[in-house]
Each structure stands twice: as C-alpha cells, then as structure tokens.
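# Results of the structural survey
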Amino acid sequence: GVAGFAGVAGWGPALNLLTISPMRTVTDYNLSLIPLFVLMGSFATRSGMSRELFQVGQSWLGHLRGGLALATITACAGFAAISGSSVATAATMSKVALPEMRRFGYSDKLATGVVAGGGTLGILIPPSVVLAIYGFITDTDVGKLFIAGVLPGLIAVLMYMACVYVAYWKVLPEGQKVARGERLKSLKGIWAVG
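Here we take up the pattern of salt bridges. One pass over the full model with this rule turns up two salt bridges. For Glu100, the salt bridge goes to Arg103, with nearest N and O atoms at 3.0 Å. A residue pair is termed a helical-turn pair when its members lie 3 or 4 positions apart in one helix, as Glu100 and Arg103 do in helix H6 (residues 86–103) at three residues. Residue classification places Glu100 among the buried residues on the basis of a relative accessible area of 18%.

Structure (structure tokens):
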C-alpha cells in the first residue's frame, strides 16, 4: 500500500503515512476482536468442543440417512458461532468429521464437500470475522451486522442440510438410533457454546 501511495503522491507523503497508519491499525479497538476470535477458535479446538458439537449432532441426526453429513453441517454451524472463521471451521471439522464419515462408507467427494460447504458458514454466522472487517471498513455497526447475519446463517444451515438429504438419501447409510435420554445427556457437553 505504501509503495502504491508513493507511486501516486511521492515518497515523502508515503513515508509520513507509514509513521501513523501501522500504529493506528494495530491499536484500533474494532480490529482487536479478530485475533480474539481466532484465539477462541483455538481454545474450542483444544478443549474438545468441536468433537462434542459433532457428537451432539450425531446423536440427534445420526439415525437419519446421511445423518453424519447432517451432523457435520450442524457442528460446522456451532463451531462457526465460536470461531468466526470459515478456514478454522473447515480445518477443525475436517479433523473431527472426515474420519467418522470415511469409517461409515461416505465417499471422499461427499465428505470433503460437506465439510467445505459447512465451513463457509463461518463467514455468515456471528461472530464473523468477515462481518467485523466489513463493519470496520464501511463504518457500520458490527453488532447490527452480527444480528443481521443470524437469520441468513440459520437459513443456510437448513438449506445445506436439505440439499444433502435430498441429493443423497438413497445412497447414504442410516446410523444407529440413540435413545432420547442419551440425546438430552449429550447436550450437556456443549453448554459452553451457548
């Protein structure tokens, strides 16, 4: 950016910009939330929350045809609500969900597609790093952007699940049905996400 500005305005103004801009950017309160989201995603991965999210999805949806794929999408949505990052969501869920889907005979194409598609939910579901940066650049209230992302995020989750279910319900295996008591018990593991 400095080199481009120097090409337009000369090196003197560009170097003056370099003395002010980096410190202002680093100390800006609005941008400080981005590393905190990344840190929260790391804590969630290390603490096992990502695995717990997947297990809850598996216990509630695993008995359906394609239940592991549906559980992966819901776990991606839950992890996106923690980390705010699509890349972190896809990377974390690939470690958690891909081995399980392969174990139950899901094709690599479908399994990676579900993880990649579910990973994109990190852009939309609050707290989203992309929405925070957009709010910072456009001088829009980040809280309002986060509120505005809730409904489209939920719609995206339901549409991803519907697409997987409709497209693959004939070829995907059913999982084991989990008793209602065990389903409710599994929710205890994700109390920290809420």
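Within the largest apolar cluster, 33 residues are counted, with the highest numbers of intra-cluster contacts made by Phe54, Ile73, Met101, Tyr106, Leu121 and Val157. Elements with a minimum of two residues in this core: helix H4 (49–61), helix H5 (67–83), H6, helix H7 (108–119) and helix H10 (142–168). Broken down by element, the residue count for this core peaks at 11 residues, all from H5. Those residues in contact with Val157 that sit more than four places away from it in its chain are Ile73, Ala77, Leu121 and Ile125. Counting eight residues, the second-largest nonpolar core is a separate cluster that includes Ile34, Leu131, Ala132 and Phe146.

Nonpolar side chains collect at one region of the surface, where Leu36, Leu39, Met40 and Phe43 lie side by side and expose about 380 Å² of accessible area between them. Relative to the elements of secondary structure, Leu36 occurs in helix H3 (residues 29–47). Taking the relative accessible area as the measure of exposure, Leu36 reaches 52% and is therefore exposed.

With that settled, the discussion passes to the side chain of Thr92. Topologically, Thr92 is positioned in helix H6. Exposure remark for Thr92: the relative accessible area of 8% places this residue in the buried category. Residues in contact with Thr92, not counting those within four places in the same chain, are Thr45, Ser50 and Phe79.

The next subject is the environment of Gly10. In this structure, Gly10 sits in the loop between helix H1 (2–9) and helix H2 (11–26). The class for Gly10 is partly exposed, based on a relative accessible area of 23%. Along the chain, Gly10 and Gly117 lie 107 residues apart, while their C-alpha atoms are 45 Å from each other.

Moving on, we get to unusual backbone geometry. For the bond running from Pro126 to Pro127, omega is 0 degrees, close enough to zero to count as cis. Backbone geometry places Asp139, a non-glycine residue, at a positive phi of 60 degrees. Given the relative accessible area of 73%, Asp139 is considered exposed.

Before going further, it helps to spend a moment on the packing of H5 against H10. For the pair H5 and H10, interaxial distance at closest approach is 9 Å and the crossing angle is 165 degrees. Classified by the angle their axes make, H5 and H10 are roughly antiparallel. Judged by the twist between their axes, the crossing of H5 over H10 is right-handed. The residues of H10 that touch H5, namely those facing Ala69, Leu70, Ile73, Thr74 and Ala77, are Val157, Tyr160, Met161, Val164 and Tyr165. Of the residues assigned to the contact of H5 with H10, the class counts are nine nonpolar, one polar and no charged.

Relative to the assigned elements, Ala116 resides in helix H7. Exposure remark for Ala116: the relative accessible area of 46% places this residue in the partly exposed category. Each C-alpha atom of the pair Ala116 and Ser86 lies 8.8 Å from the other, and the pair is 30 residues apart in sequence.

Here is what the cut-offs are and how they apply
- Residues numbered from 1 in each chain as written.
- Predicted model: local features only at pLDDT ≥ 70, side-chain atom pairs only at ≥ 80, totals over all residues.
- Heavy atoms only, no water.
- Salt bridge = Lys/Arg side-chain N within 4 Å of Asp/Glu carboxyl O.
- Helix = DSSP H or I, 4+ residues; strand = E, 2+ residues; numbered from the N terminus.
- Buried < 20%, exposed > 50% of the residue type's maximum accessible area, 1.4 Å probe, protein only.
- Core = buried A, V, L, I, M, F, W, Y, C linked by side-chain atoms within 4.5 Å.
- Contact = heavy atoms within 4.5 Å.
- Patch = residues over 30% accessible without salt bridge, like charges linked within 9 Å, V, L, I, M, F, W, Y side chains within 5 Å.
- Areas by Shrake-Rupley, 256 points an atom, 1.4 Å probe, with all protein chains shown as cover.
- Axes fitted to C-alpha atoms, helices over the stretch in contact; angles between N-to-C directions.
- Parallel < 35°, antiparallel > 145°, perpendicular 65-115°, else oblique.
- Left-handed = near helix turned anticlockwise from the far one by under 90°.
- Nonpolar A, V, L, I, M, F, W, Y, C, P; charged D, E, K, R; others polar.

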